[in-house]
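These are the residues of each chain, in order.
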Amino acid sequence: MHTQSGVMINPWSSAQYFDYEKLIKEFGIQRPDNYFDYFMFRRHLIFGQRGIDYLEYSIKNKIKFNAMTGLMPSGKMHLGNKLTIDQIIYFQSLGADVYIAVADLESYATRGISFDKARNIAINEYIANYISMGLKPCRIYFQSENYDTQSLSFVLSNETNMSELKSIYGLTDSSSILHVNAPIIQAADVLHTQLGHLGGPRATIVPVGIDQDPHIRLMRDIAKRLRVYNVKIEDNKISIYIKGSDDPADKINSAISVLGNSGYECMPNYEYRAIYVKNSTGEDKIKIDMMLAIEESRINDYAFIEPSATFQKLETGLKGGKMSSSVPDSLISLNDTGEEATRKIKHAVTGGKQTIEEQKKYGGNPDICPVFELYKYHNSNDKYVTRVYEECKGGVRMCGPCKIEAAENISGMLKTLAEKKDESLGKLDDYLIKRSS
Ligand code: SF4
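Remember, it's a predicted structure, so these values are computed and weren't measured experimentally.

On to the overall build of the protein chain, then. Looking only at helices and strands, one finds 17 helices and ten strands in the protein chain. A globule of 437 residues ought to have a C-alpha radius of gyration of about 22 Å, and the protein chain, at 24 Å, matches this closely. Structurally, the protein chain occupies a C-alpha span of about 80 × 50 × 45 Å along its principal axes. When the 437 residues of the protein chain are sorted by exposure, 52% land in the buried category. Relative to all contacts within the protein chain whose residues are 6 or more apart in sequence, the contacts with residues 24 or more apart total 73%.

In structure tokens, the structure reads:
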């Protein structure tokens, strides 16, 4: 997927995308509104979203919703990965049913990691930390053991084709079929949470980095293609189109009955397979779409509501640039000791001036400082983080003591996680779902 300026967003590339404004403009990503009072929204660490209004509608109307994420069982969980789980825990506190996919099929295919090893890594490096961070019981599953996602990915693969995947992902004739399968399996991971036996159609939020946007767009499109009722805004009124070539009368009549019960006046057009909702405005779209998805789920096993996404900024590595396991000192693993974390922070690049005199005179630049990001991304106390920012800018704060303070904060957090680890491992049965068959 290319921007007008030729940049390509590709989930398999290691490039970083720092020009978030440009991405918003060129990819039609929307900014979040002020609905969510959470530090990642307040500080614009979540800089964009797609379809989050479904989530807001569900929360306002006390309708159950899902939050979904996945983990690749390789390497170590680090502070950058933690941000996604922070969000998942936040959405869970708002009432979300949480699902987490362990991508052991992908780690086997791409990195040759056996399923046993993947399980071990997933539990010890990731899931134990999720629980220690405050994740409440939820549904964590291994892709290799989940019949729902495997069979759904087979169904979803019929909703896309090679030319679409080539244009989204830049695939070529020599691309591995794995690059064809992987986005479909991810779509199945997200959409299966809306299958009838798991609660049916619901708003589903997926917190991701911008590099995952191609997957998000594809799964949203696929969800739409599977729907029988296609709800559109036309001239600020709602029109509904019924997919298929059968006699649409029953589907039209049942939709009119559902909408009538909520006070909507509908005008059917059987020839055009359409319903026009007379007393509606564009603002009714979410309500009507969600009502019709539930009605549709009586006749369509795959009546999914398009998933929503939040896009979070990527935390900068301690050496500048990306956090990468190939540069071990660029990141802090959640299983690092306080001493290891402190050593890495002491050697981090900063936005400070060359000399203390200059720093006092001109102030530092926290906006480009990875050490400041440790405060900004991992401390929810706005007053404290603002004070650090202002002291740095005002030349009151020097980089040496600032690093030590950041290291103390992060080490304290790591110590708490380490202390809780055994207790968290003892709770796994409340989280891991058994192999489905
Ligand atoms: S004082 Fe702290 S926030 Fe400011 S540039 Fe130095 S390390 Fe970064």
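Packing of helix α7 (residues 147-156) against helix α9 (residues 178-191) brings their axes to within 8 Å, and their N-to-C directions diverge by 120 degrees. Taken together, the axes of α7 and α9 lie oblique to each other. Two packed elements cross with a definite hand, and for α7 against α9 that hand is right-handed. Of the residues in α9, those touching α7 at Thr149, Leu152, Ser153 and Leu156 are Ile184, Ile185, Ala187, Ala188, Asp189 and Leu191.

Let us now look at the packing of helix α15 (residues 370-378) against helix α17 (residues 399-425). One can describe the packing of α15 onto α17 by two numbers: an axis separation of 9 Å at closest approach and a directional angle of 35 degrees. Relative to α17, the crossing made by α15 is left-handed. Facing α15, whose interface residues are Val371, Leu374, Tyr375 and His378, α17 presents Cys402, Lys403, Glu405, Ala406, Asn409 and Ile410. The residue inventory of the contact of α15 with α17, partitioned by class, reads six nonpolar, two polar and two charged.

Turning our eyes to something else, we now look at the domain arrangement of the protein chain. In terms of domain boundaries, the protein chain breaks down into domain 1 (20-226 + 305-314), domain 2 (229-296) and domain 3 (328-425). Using C-alpha coordinates to define each centre, domain 2 is positioned 53 Å away from domain 3.

The terminal C-alpha atoms of α17 lie 38 Å apart, and with 27 residues this matches the ideal 39 Å at 1.5 Å per residue to within 8%. The sharpest bend along α17 comes to roughly 35 degrees, located at Glu419. All of the buried residues in α17 are Cys402, Lys403, Ala406, Ala407, Ile410, Ser411, Met413, Leu414, Leu417 and Ser424. As for α17, its buried residues are in contact with α4 (79-93), α6 (115-133), α13 (338-346) and α15.

Where charged atoms of side chains with opposite charge meet at close range, the side chains can pair. Applying the stated criterion to the full structure yields 28 salt bridges. Between Asp213 and Arg50 there is a salt bridge, and its shortest N-O distance comes to 2.9 Å. You can see Asp213 sitting in helix α10 (residues 213-225) and its partner Arg50 sitting in strand β1 (residues 46-50), a full 163 residues away along the chain. Of the two residues, Asp213 and Arg50, neither departs from the other in class, the shared state being buried. With a closest N to O distance of 2.8 Å, Arg227 and Glu296 form a salt bridge. Residue Arg227 is found in the loop between α10 and β6 (229-234), and its partner Glu296 is found in helix α12 (residues 285-296); the two are separated by 69 residues along the sequence. For the pair formed by Arg227 and Glu296, the shared burial category is buried.

Attention now moves to the site of the ligand. Around the ligand, the neighbouring residues are Thr350, Gly351, Gly352, Gln359, Cys369, Val371, Phe372, Cys392, Arg397, Met398, Cys399 and Cys402. Elements that contribute at least two residues to the shell around the ligand include exactly α15 and α17. Tallied by class, residues from the shell around the ligand come to seven nonpolar, four polar and one charged.

Strand order across the open sheet formed by six strands is β1-β10-β5-β2-β3-β4, with mixed pairing between neighbours. Every other strand in the sheet has two partners, leaving β1 and β4 (139-142) as the edge strands with one partner each. Strand-to-strand twist in this sheet, taken as the mean axis angle between neighbours without regard to direction, amounts to 25 degrees. In the packing of α10 onto the sheet, contacts are made with β1, β5 (204-209) and β10 (308-312), and the angle to β1 comes to roughly 20 degrees.

Attention shifts here to the nonpolar core. Of all hydrophobic cores here, the largest spans 71 residues; its most connected members are Phe91, Ile127, Leu135 and Tyr375. If you look at the next biggest cluster of nonpolar residues, it comprises 36 residues, including Leu156, Leu165, Ile168 and Phe304.

With that settled, consider the environment of Tyr302. As for its position among the elements, Tyr302 is in the loop between α12 and β10. Residue classification places Tyr302 among the partly exposed residues on the basis of a relative accessible area of 24%. Measuring from C-alpha to C-alpha, the distance between Tyr302 and Gly200 comes to 9.1 Å, with 102 residues separating the pair along the chain. With residues near it in sequence (within four places) discarded, Tyr302 still touches Leu152, Val155, Leu195 and Leu226.

With that settled, consider unusual backbone geometry. Although it is not a glycine, His44 adopts a positive phi angle of roughly 60 degrees. Assignment of secondary structure puts His44 in the loop between α2 (39-42) and β1. Under the relative-accessibility criterion, His44 is labelled exposed at 52%. For Asp235, which is not glycine, the phi torsion reads 50 degrees and is therefore positive. As for its position among the elements, Asp235 is in the loop between β6 and β7 (237-242). Assessed through its relative accessible area of 77%, Asp235 is described here as exposed.

On to the pairing of β1. With five of five residues buried, β1 lies mostly within the body of the structure. Where β1 lies against β10, four bridges are found, and the strand directions are antiparallel. For Ile46, the partnering residue across the bridge sits in β10 and is Gln312.

On the secondary structure map, Ser74 appears in the loop between β2 (66-71) and α4. Given a relative accessible area of 12%, Ser74 falls into the buried group. At 2.8 Å, the side chain of Ser74 forms a polar contact with the side chain of Arg111. With residues up to four places along the chain from it excluded, the contact list for Ser74 reads Arg111, Ile113, Ile121 and Tyr126.

The rules we used
- The written sequence of each chain sets the order in which its residues are numbered from 1.
- Where totals are concerned, whole chains, interfaces and linings use all residues; where local detail is concerned, this predicted model gives features only for residues with pLDDT of at least 70, and gives and counts side-chain atom pairs only at 80 or more.
- Computation of side-chain values: all heavy atoms of the structure, hydrogens and water removed.
- Helix numbers and strand numbers start at the N terminus; a helix is a DSSP run of H or I with at least 4 residues, a strand a run of E with at least 2.
- Both definitions apply: the radius of gyration is a C-alpha atom measure, and the globule rule equals 2.2 Å times residues to the power 0.38.
- Each residue's exposure class comes from its accessible area (1.4 Å probe, protein chains only) as a fraction of the maximum for that residue type: buried when under 20%, exposed when over 50%, partly exposed otherwise.
- In this analysis, two residues are considered to be in contact whenever any of their non-hydrogen atoms come within 4.5 Å of each other.
- Fitted lines through C-alpha atoms give the axes, limited to the stretch in contact for helices. The angle between two N-to-C directions lies from 0 to 180 degrees.
- With respect to orientation, any angle under 35 degrees is reported as roughly parallel, any angle over 145 as roughly antiparallel, any angle of 65 to 115 as roughly perpendicular, and every other angle as oblique.
- Should the near helix be turned anticlockwise from the far one by less than a right angle, the crossing is termed left-handed; should it be turned clockwise, right-handed.
- Polarity classes work like this: nonpolar for Ala, Val, Leu, Ile, Met, Phe, Trp, Tyr, Cys and Pro, charged for Asp, Glu, Lys and Arg, and polar for all others, with Gly in that last group.
- As used throughout, domain bounds are those supplied by an automatic or database domain assignment.
- Each residue after the first adds 1.5 Å to the expected span of a helix.
- Bend at a given residue is defined as the angle between two axes, one fitted to the seven residues that end at that position and one fitted to the seven that begin there.
- For this analysis, a salt bridge means a side-chain nitrogen from Lys or Arg found within 4 Å of a carboxyl oxygen belonging to Asp or Glu.
- Whether a residue is near a molecule or strand is decided by its heavy atoms; if any one of them lies within 4 Å of it, the residue is near.
- Any two strands with at least two DSSP-identified bridges between them are counted as paired.
- The set of buried Ala, Val, Leu, Ile, Met, Phe, Trp, Tyr and Cys residues whose side-chain atoms join them within 4.5 Å is what this entry labels a nonpolar core.
- Here a polar contact is taken to be a pair of N or O atoms separated by no more than 3.5 Å, where protein atoms must pair a possible hydrogen donor with a possible acceptor and residues adjacent in sequence count only if both atoms sit in side chains.

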